[in-house]
Amino acid sequence: MQDGLESIRDAVERVPALHSSVRTLMRMSGGEVYPRLDLVEAIDSDPVFSLKILRLANSCFFGMPQEMTSIRQVGVLLGMGMLQSVALGLAVIAAIPSGTFRDMNMGAFWLHSLATATAAGMLARKLGAGHEERGDCFTAGLLHDLGKIVFALFMPDEYRAVMKYAMEPDVDICRAEREILGCDHAQAGELLARHWDLPERICGVIAHHHSPDEVSGSQLLDCVFAADQISKRLSFGTAGNYEVESLPARMEERFGMGLQGIVEDLSGLDEAVDASRIFIKLGGG
């Protein structure tokens, strides 16, 4: 296991750094209080990146009633927490090397990730979360399977064996990853998230999105875990694993219903996922 983790750490070090303005935002989200103007200027310092955020803010993804013409206006109308989440999501997508992954359908991967992100944000809204919490849910949902990117990029032959093994009865993908690679994608994803200095709350969700009972419950983790199962249940793309896991009792209590009830109650998900596709277009552009 240790050899596997060391190999993943070496691979993670080769992943491109996040956009410089987003690295500044991440430092600013570390607990110290910064003036709103400083946060805005961190994004405005790069005209190309700020234009992408404006295009996203004015898309049907947000459906705002008025056109936003400046990053400051985006921060005021959507909240600085949502602005940070949007910037982080775009920066992570941009940092993933473009091109064809030999054994990974990236279209299907991003569709699954977007559906999980969108459903997580919708669940948070139903629980009464504000813009900042919903932004965290979207971001954590979008990034929850990042570890699979590391495997596909730097150890494609081994990951092909993982995908084949995971198709056997009673073998889930995390077990296949641990047995063949010595590390599962949740561990690899956490290493990458920390390499990028992502917020601790996002790192925690990535690390435990397959093991929510190992940590004390949080609304963020519960929304992402449930959204991941919803995405698989409704076949929004795929990230290599198809097993729909049951909701722990604490999540059923939080949402007031089981997974099937949540699925039936989450109207408009198809349209919301379709609107979120602009994330991939802008991030990869």
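Residues numbered from 1 in each chain as written. Predicted model: local features only at pLDDT ≥ 70, side-chain atom pairs only at ≥ 80, totals over all residues. Heavy atoms only, no water.

Asker: Is there a simple way to explain the packing of aromatic side chains in this structure?
Answerer: Aromatic ring pairs: the centre-centre distance and the angle between the two ring planes describe each pair. Throughout the structure, instances matching the rule amount to six aromatic pairs. Ring geometry for Phe-151 and Tyr-159: centres 5.3 Å apart, planes at 40 degrees, overall tilted. Given the relative accessible area of 0%, Phe-151 is considered buried. Feature note: the residues Phe-61, Phe-62, Phe-138 and Phe-279 constitute an aromatic cluster, connected by ring pairs. (Phe/Tyr/Trp six-rings, centres within 6.5 Å; stacked < 30°, edge-to-face > 60°. Buried < 20%, exposed > 50% of the residue type's maximum accessible area, 1.4 Å probe, protein only.)

Asker: What is the right way to look at the domain arrangement of the protein chain in this model?
Answerer: Quite often, the size of an interface is put as the accessible area lost when its parts meet. As assigned here, the protein chain comprises domain 1 (1-16 + 101-281) and domain 2 (18-95). At the interface, 22 residues of domain 1 touch 20 residues of domain 2. With both chains or domains summed, domain 1 and domain 2 bury close to 1,800 Å², and 76% of this area falls on carbon and sulfur atoms. When the buried area of domain 1 at its contact with domain 2 is split by residue, His-131, Trp-196 and Phe-279 rank highest and sum to 32% of it. (Domains from an automatic or database assignment. Contact = heavy atoms within 4.5 Å. Buried area = accessible area lost by both parts, 1.4 Å probe.)

Asker: I would appreciate a short explanation of the environment of Phe-255 in the present structure.
Answerer: Within the fold, Phe-255 resides in helix H15 (residues 249-255). On the basis of relative accessible area, Phe-255 is assigned to the buried category, the value being 12%. Separated by 18 residues in the primary sequence, Phe-255 and Gly-237 place their C-alpha atoms 25 Å from one another. Leave out the neighbours within four places in its chain, and Phe-255 touches Leu-123, Leu-127, Asp-222, Cys-223, Ala-226 and Ile-262. (Helix = DSSP H or I, 4+ residues; strand = E, 2+ residues; numbered from the N terminus.)

Asker: For this particular structure, what's the right way to read the pattern of salt bridges?
Answerer: A pair can form between side chains of opposite charge whenever their charged atoms are brought close. Applying the stated criterion across every chain yields a total of 14 salt bridges. Between Asp-157 and Arg-160 there is a salt bridge, and its shortest N-O distance comes to 3.5 Å. One end of the pair, Asp-157, and the other, Arg-160, are both in helix H10 (residues 156-166), three residues apart, so they sit about a helical turn from each other. Of the charged contacts in the structure, one is a salt bridge between Arg-194 and Glu-190, with a shortest N-O distance of 3.0 Å. Of this pair, Arg-194 and Glu-190 both sit in helix H12 (residues 185-195), separated by four residues, roughly a single helical turn. Counted as one network, the salt bridges with shared partners bring together Asp-213, Asp-222, Arg-250 and Arg-254. (Salt bridge = Lys/Arg side-chain N within 4 Å of Asp/Glu carboxyl O.)

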